[in-house]
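Structural description and commentary
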Amino acid sequence: MRTVAPATPCHTSWNPLSETLTIGIDEVHVWRARLDGEPSRVQNLLSTLSGDEKVRAERFHFQRDREHFIVARGALRAILGRYLQRDPTRVRFCYSPHGKPALAMESCGDGLRFNISHSHGL
């Protein structure tokens, strides 16, 4: 029988949120957000969504899926708004033919790019 040492845990500490967010040309920032939230949080984030995002949220059959969409898109707007130094409601998106969001030209923020993915409620 062979004994295997336990795997070394990966570094999981996350930096606290600073007042202003900047990103260097050679940097990648990784963010995570819990998609489950208190009803008040969901409502606050819903208020930051655009009209088309609210319509899209309403298309989800299950409440949980609707709320996850609202929290994910609202958190994305909040994060991008911090980098762009503008209100999250003023962040504008355009979409690829497959629906992938990108910052619209008037919101591009010097080439700021992002990707979003979902995994197990995060």
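Anyway, here's the lowdown on the structure attached to this text.

**What about the side chain of Arg-66?**
Among the structural elements, Arg-66 can be located in helix 3 (residues 63–84). Although Arg-66 is buried, it forms no salt bridge, and the closest oppositely charged side chain is Glu-58 at an N-O distance of 4.2 Å. Beyond its immediate stretch of four places on either side in the chain, Arg-66 contacts Ala-57, Glu-58, Phe-60 and His-61.

**As for the packing of helix 1 (residues 39–46) against helix 3**
Two numbers describe how helix 1 lies on helix 3: the axes approach to 8 Å, and their chain directions differ by 55°. On the basis of the axis angle, helix 1 is oblique to helix 3. The handedness of the crossing between helix 1 and helix 3 comes out as left-handed. Along the contact surface, helix 1 presents Arg-41, Val-42, Leu-45 and Leu-46, while helix 3 presents Glu-67, Ile-70, Val-71, Gly-74 and Ala-75. Among the residues making up the contact of helix 1 with helix 3, the classes are represented as six nonpolar, one polar and two charged.

The rules behind these values
Residues numbered from 1 in each chain as written. Predicted model: local features only at pLDDT ≥ 70, side-chain atom pairs only at ≥ 80, totals over all residues. Heavy atoms only, no water. Helix = DSSP H or I, 4+ residues; strand = E, 2+ residues; numbered from the N terminus. Buried < 20%, exposed > 50% of the residue type's maximum accessible area, 1.4 Å probe, protein only. Lys, Arg positive; Asp, Glu negative; His and termini not counted. Salt bridge = Lys/Arg side-chain N within 4 Å of Asp/Glu carboxyl O. Contact = heavy atoms within 4.5 Å. Axes fitted to C-alpha atoms, helices over the stretch in contact; angles between N-to-C directions. Parallel < 35°, antiparallel > 145°, perpendicular 65-115°, else oblique. Left-handed = near helix turned anticlockwise from the far one by under 90°. Nonpolar A, V, L, I, M, F, W, Y, C, P; charged D, E, K, R; others polar.

Keep in mind that these numbers describe shape and distance, not what the molecule does.
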